[in-house]
Every structure is written in structure tokens, then in C-alpha cells.
Amino acid sequence: MRRLRDALRGAWLVAILGVAGGWAQSGPTPGNSITTSSIRTSGFKLVETLAVDASDAPRKVFHARLTIPATAGDFVLLYPKWIPGEHGPSGPVVDTAGIYFRVHQGADQGRVLAWHRDPVDLYAFHVEVPEGVTSIEAALDYLSPVEGVGFSAGASSTDKLAVLSWNWLVLYPKGYGSDEIGVQASLKLPGGWQWASALPHSSSAGAGSGNATLPAAGAKGNATLPAAGAVAFALASLTTLVDSPVLMGEYMKKVPLQVGQSPPHELDIAADSEAALEMQPQQIKAFDNLVAEAGALFGARHYREYHFLLTLSNHVAHFGLEHHECDDSRMGEGYLTNATQWTLDGGLLPHEYTHSWNGKYRRPAGLATPEYASPMETNLLWVYEGLTQYFGQVLTVRSGLQTPEQWRDQLARIAMTYSHRPGRAWRPLEDTATAAQTLYGAPFAFSNYRRGVDFYEEGALIWLEVDTILRQKSKGKKSMDDFAHLFYGGRNTPPELKTYTFDDVVNALDQVSLDQVSQNQVSQNQVSQNQV
């Protein structure tokens, strides 16, 4: 049997990435490339409290009050800049307003503190903290955009629903990692609204009942009870908080999936009208199948529970954003009731769900930053997004959200699109991944020449080719299903992060193919991108 990497010439590495003689490595060097960390739930170095008032969400305004342990002098607070899953510095600091800092306790409680923005890092706020002050209070408002563009910083609320991304309303001290900070959060909803989130909660206090979780022993900070009528969430790391958006609305439907199976799964839907929530039995069956098929594909689950947070509105930004224990997916109001829209958008939830394994549980080392100020290295997005696109397409068909014929039609469209894209003559696919932060917001004009975020769809073609080669060379005994089990499976665990590099991906493919080959054998074979 020819070695796998020789068989892959021109199909998924040199020809597609357009690199001869090696690839840029993301993260640690080979031999020490995999780092593992569980999501922290205790033992924080400091604990903040965050009280969000979403009463004005129908007016697109969100209010926040934070208490933050502080040190005297020039105390620097950071606003999240690099948002996980958005692959760029997309934190919406421009939409913050009403920012104040005050002394939280003691004789000077309530005293307003002077502050200024850093002249170089516009996401950093310098607060002048007096001697003897150990805790400050911060106030800020978030102004949700009216226009339906962007990711989580795009339009996120209507008069009937809203999606809250906690990173809009968070400040944290410079010098700490997001796993080292605990946050005791609470949320006040508009009257009559329901909510859903993967973030564990300690109470839904209709009259302010319930106790907030106390800070871990040794952590700086004070716990406070939520306001009357607020939801009190359990103490969580800043990492988990930012990774756990809240869907809320006047019209909501909650559909349990794979009932009786562990861990629990739920489809949570908010819409601008009650009629938009109407579902047919076959639709519920397809989502139920999606959970089952994903479990069969990957062989293990790495979350405590999973929530599909689905927003149906014509007045919010339309996109999908992955999280470890949920996804934030937003589509038009007619997704469930319009047959054409149902078919065209059928791949969104499978794509975002796949990210729980590829992107959250396993993540390129260059994207696993310790907080939200460090830049991300995005050159492996052709794996992070491209492979997710492929597995998502596979799950879309296996679950019944689309037919095999509809999937083949999509593949034909993708192949035709990229076979006529002149930008591929000068710009390798890997560069579209490396420059992703500049391409997400690029205009549509000249996109065939400039290229865009092609690592999604062209990346899916790469992994289709890899799957085909594995099946051919093994005479049908091996496929990307085996890779999924090996790379993303193992045992069921709570949220956990295991980083990977390019070499880790190749080594896993070698294990699946039962054929160990050195990377240099492929990197020396440069061929034309037209062979894609």
C-alpha cells in the first residue's frame, strides 16, 4: 500500500495550503504539542460579581454593575477583545457607554474614581484606586446595534427576544487568565420573558429568593445576592461565563432531545412570534437524530449538558457561534415553517454542534489564548472550520436535516465556485486562514480575486478528499469516522480543552491509516492548486 501522505499529494496539504517545505506551526513544538485543562469551577484567584439588568433589552440597552477586587494605584481593567469562535479582535468596546468606577466599601463607599482609556490599547481602562481600597464597583451599559450584521456584536435584540453575550458587559483585571477569575453573575429579565442557557444557575428568583454561591476559599472578592426577580447563576470561571450566552424572549419553546440519555440535551427556541415556534414531528425527530448521530461519530461527549440556542428573527444578525455546552444560532423567523428556508439553513446547527468537539474540546494551540487580550493565531482554521464544515455536512445528512441529493448539490456548487476563483492563483488557502480577522468583514466586491474565508467550504473539500483516500486505500475499512473517534473521542468528560498542532492532526491520520510517514515526504511535493 502506498503511504497515506504520498497518496495525499496535491489533495489536502501542499497543493491546497500552497506551501512548499513546511507549514507554520501553531503553538508548542512537536513532541510537547498537546496540553490538557479542565474547565475550572473553584480555586479562583479572585471573584467578581456581575449583575446584568436586561429590562431594557427591547430598547436594545443592557445595564451592568460589577464589583471587582482591586489594588491601590494605577489599576488596569480589560474589556474582552479577542472573542473565542469569532477569530478576531471583535469585542464591541465601541458600543459600551455610561462607564463609571466607584469605591465599593468603606468610609468612601460610592466615591467616583477617575479613569482614562489606554492611548494604545483601547480595550484597557486605567482606574485611579486610593490607598486602602480593596474593591471597586464598575457600571457600564451595552448598546446593541440596530443593523443585523456581525457576529455576537451584531444586532441581538428585538422587542420580543434577545441573546445576551456576557463579554459585552465584563471587565477583568490585567494580569489574570480567564480561568483564574470567578464570576458570580445574575440576570434580570424583561417582564414576562423566559430564558435558556447552559450556564449553571442556583435560582430563578421570582421574588429574590435563593442564595448566591460564596467565593472559593482564598479568593479575593465578596458574593452578593441577586436583585429581586433576577436569575442567580452559580459561581463560574470567566471562561465559562463568556462561553455561555443566554437566550431570552417572550415567545419560547424548549424541546428535550434524546430523552432518558445522559448527558441531557435541549433545543431552546426564541422567536418574534408564537407562530414561528410551530414544529412538525419530523423536525423534532431530525434534531433528535442529530444528537444521536454526533455521539456515534465522535464516540464520546465532553460537556455536562448541551443547549441548542436557536433565535428566529428577521431583525437580528444571522450567524452561528460555537460554545462548549451550547451554540448561538440565529436564522430568519420562518426557519421552521418555510420548507425552502428549512432546507437551505439545515447545516447551521450541525456545524455549530460539531464545534463542541472540534474547536472547544480540541482546539488549535494558537487559538487557545489564556484571556481575551492575547492575539489568536488562526492559520489552522482550515482544520478548525474546514473539518467542522465537513463533519457538519455529514451530520446534516445522517440526521435527516437534508437529503444525500441536496448535500451532493451543495458540494457541486462549492466545487464549481472554487474552480472559477482567480484569487486561488495567487493566494494559498492557508493565508485566508492566517488573515481571517481581516477577511470576515471584507466587502463582497472583488471577493473572487481577493478571496474570503474560503477555509470553510474549500476546507470541507479538503476533508472530503481525505475521507475518500482513507476509504479507497483501506478498501472501505477506514474513514474519517475513525479519525473522529481517535481525535475527539475517549471517555465522556465535563468541559475540557486539549490543544493540537498541525503535526497532531497528521499523526492521528497516520494512526488511522496504519502507516507512519514523516511530514517531509509530503512537504517536498509541491503541485498546482488546480488539482483541488
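Bringing the pattern of salt bridges into the picture now. The final tally for this structure, using the stated rule, is 17 salt bridges. With a closest N to O distance of 3.6 Å, arginine 111 and aspartate 108 form a salt bridge. Judged by its relative accessible area of 42%, arginine 111 falls in the partly exposed class. The partly exposed category is assigned to aspartate 108, whose relative accessible area is 39%. For the salt bridge of arginine 398 with aspartate 481, the shortest nitrogen-to-oxygen distance reads 3.0 Å. Placement of arginine 398 in helix H8 (residues 386-399) and of aspartate 481 in helix H14 (residues 480-488) is noted, with a sequence separation of 83 residues between them. Since its relative accessible area comes to 33%, arginine 398 is described here as partly exposed. By relative accessible area, aspartate 481 is classed as partly exposed at 22%.

Let's shift gears to the environment of threonine 434. Relative to the assigned elements, threonine 434 resides in helix H10 (residues 429-434). Given the relative accessible area of 42%, threonine 434 is considered partly exposed. Spatially, the C-alpha atom of threonine 434 lies 7.7 Å from that of leucine 380, the residues being 54 residues apart in sequence. The residues contacting threonine 434, other than those within four sequence positions of it, are Thr378 and Asn379.

Residue position: tyrosine 418 is located in helix H9 (residues 404-419). Spatially, the C-alpha atom of tyrosine 418 lies 8.9 Å from that of glutamate 457, the residues being 39 residues apart in sequence. Contacts of tyrosine 418, omitting those with residues within four sequence positions, involve Arg424, Arg451, Asp454, Glu457 and Glu458.

What the rule picks out here adds up to 33 aromatic pairs. Aromatic side chains phenylalanine 308 and tyrosine 353 sit 4.9 Å apart centroid to centroid with 65° between the ring planes, which places their arrangement in the edge-to-face category. Of this pair, phenylalanine 308 sits in strand E19 (residues 306-312) while tyrosine 353 sits in helix H6 (residues 348-354); the two residues are 45 residues apart in sequence, bridging distant segments of the chain. The buried category is assigned to phenylalanine 308, whose relative accessible area is 1%. A ring pair is formed by tyrosine 390 and tryptophan 407, whose centres lie 6.4 Å apart and whose planes are at 45°; its orientation type is tilted. One end of the pair, tyrosine 390, is in helix H8; the other, tryptophan 407, is in helix H9, with 17 residues separating them in the sequence. Classification of tyrosine 390 by relative accessible area gives buried; the value is 4%. Overall, tryptophan 407 belongs to the buried group, its relative accessible area being 17%. Geometry around tryptophan 195 places lysine 254 over its ring, the cationic atom sitting 5.9 Å from the centre.

With that settled, consider the sheet that holds strand E10 (residues 172-173). Two pairing modes exist for strands in a sheet, parallel and antiparallel, and in both the strands are linked by backbone hydrogen bonds. Taken together, the four strands give an open sheet; going across it, the order is E6-E7-E4-E10, and neighbouring strands pair in antiparallel fashion. Each edge of the open sheet is held by one strand with a lone partner, namely strand E6 (115-117) and E10. Where E6 lies against strand E7 (residues 124-129), three bridges are found, and the strand directions are antiparallel. Opposite histidine 116, over in E7, you have histidine 126 as the bridge partner.

Now for a nonpolar patch on the surface. A contiguous nonpolar surface patch, about 440 Å² in accessible area, is contributed by Trp426, Phe446 and Tyr449. Residue position: tryptophan 426 is located in the loop between H9 and H10.

A few words on the confidence of the model for the chain. Chain-level statistics for the chain give a pLDDT mean of 88 and a share of 86% at 70 or above. Predicted confidence is poor over residues 205-218, with pLDDT under 50, and the contacts of this stretch with residues over four places away or in other chains come to 31 contacts. Low pLDDT (under 50) marks residues 221-225, which in the prediction has 16 contacts with non-local residues, meaning those over four places away or in another chain.

Glancing now at unusual backbone geometry. Working note: non-glycine residues mostly have negative phi, and peptide bonds are mostly trans. Backbone torsion omega between serine 262 and proline 263 reads 0°, so that peptide bond is classified as cis. Turning to its location among the elements, proline 263 is positioned in the loop between strand E17 (251-257) and strand E18 (265-271). The phi angle at lysine 60 is positive, at roughly 70°, despite the residue not being glycine. As for its placement among the helices and strands, lysine 60 is situated in the loop between strand E2 (46-53) and strand E3 (61-69). The phi dihedral of glutamine 258 is positive, around 50°, even though this residue is not glycine. Position of glutamine 258 relative to the elements: it lies in the loop between E17 and E18.

One finds Leu267, Trp463 and Phe483 to be the most contacted residues of the largest nonpolar core, which totals 69 residues. Among the elements that take part in this core, helix H4 (residues 281-298) stands out by supplying seven residues, more than any other. The contacts of phenylalanine 483, once residues within four sequence positions are left out, are Leu387, Tyr488, Val505, Ala508, Leu509 and Val512.

Turning our attention to the side chain of serine 165. Examined against the element boundaries, serine 165 turns out to sit in the loop between strand E9 (161-164) and E10. Not counting residues within four places of it along the chain, the set of residues in contact with serine 165 comprises Ser152 and Arg330.

Once that is clear, we can look at the sheet that holds E19. Pairing within the open sheet is mixed, and its five strands lie in the order E17-E18-E19-E21-E20. Both edges of this open sheet fall to E17 and strand E20 (319-322), since each of them pairs with a single strand only. Geometrically, the sheet is characterised by an average inter-axis angle of 15° between neighbouring strands, direction not taken into account. In the sheet, E18 pairs with E19 via seven bridges, with the strands oriented parallel. Across the sheet, the residue bridging to leucine 267 is phenylalanine 308, located in E19.

Reading guide: rules and limits
- Residues numbered from 1 in each chain as written.
- Predicted model: local features only at pLDDT ≥ 70, side-chain atom pairs only at ≥ 80, totals over all residues.
- Heavy atoms only, no water.
- Salt bridge = Lys/Arg side-chain N within 4 Å of Asp/Glu carboxyl O.
- Buried < 20%, exposed > 50% of the residue type's maximum accessible area, 1.4 Å probe, protein only.
- Helix = DSSP H or I, 4+ residues; strand = E, 2+ residues; numbered from the N terminus.
- Contact = heavy atoms within 4.5 Å.
- Phe/Tyr/Trp six-rings, centres within 6.5 Å; stacked < 30°, edge-to-face > 60°.
- Lys NZ or Arg CZ within 6 Å of the ring centre and 35° of its normal.
- Pairing = 2+ DSSP bridges.
- Patch = residues over 30% accessible without salt bridge, like charges linked within 9 Å, V, L, I, M, F, W, Y side chains within 5 Å.
- Areas by Shrake-Rupley, 256 points an atom, 1.4 Å probe, with all protein chains shown as cover.
- pLDDT = per-residue confidence, 0-100.
- Core = buried A, V, L, I, M, F, W, Y, C linked by side-chain atoms within 4.5 Å.
- Axes fitted to C-alpha atoms, helices over the stretch in contact; angles between N-to-C directions.

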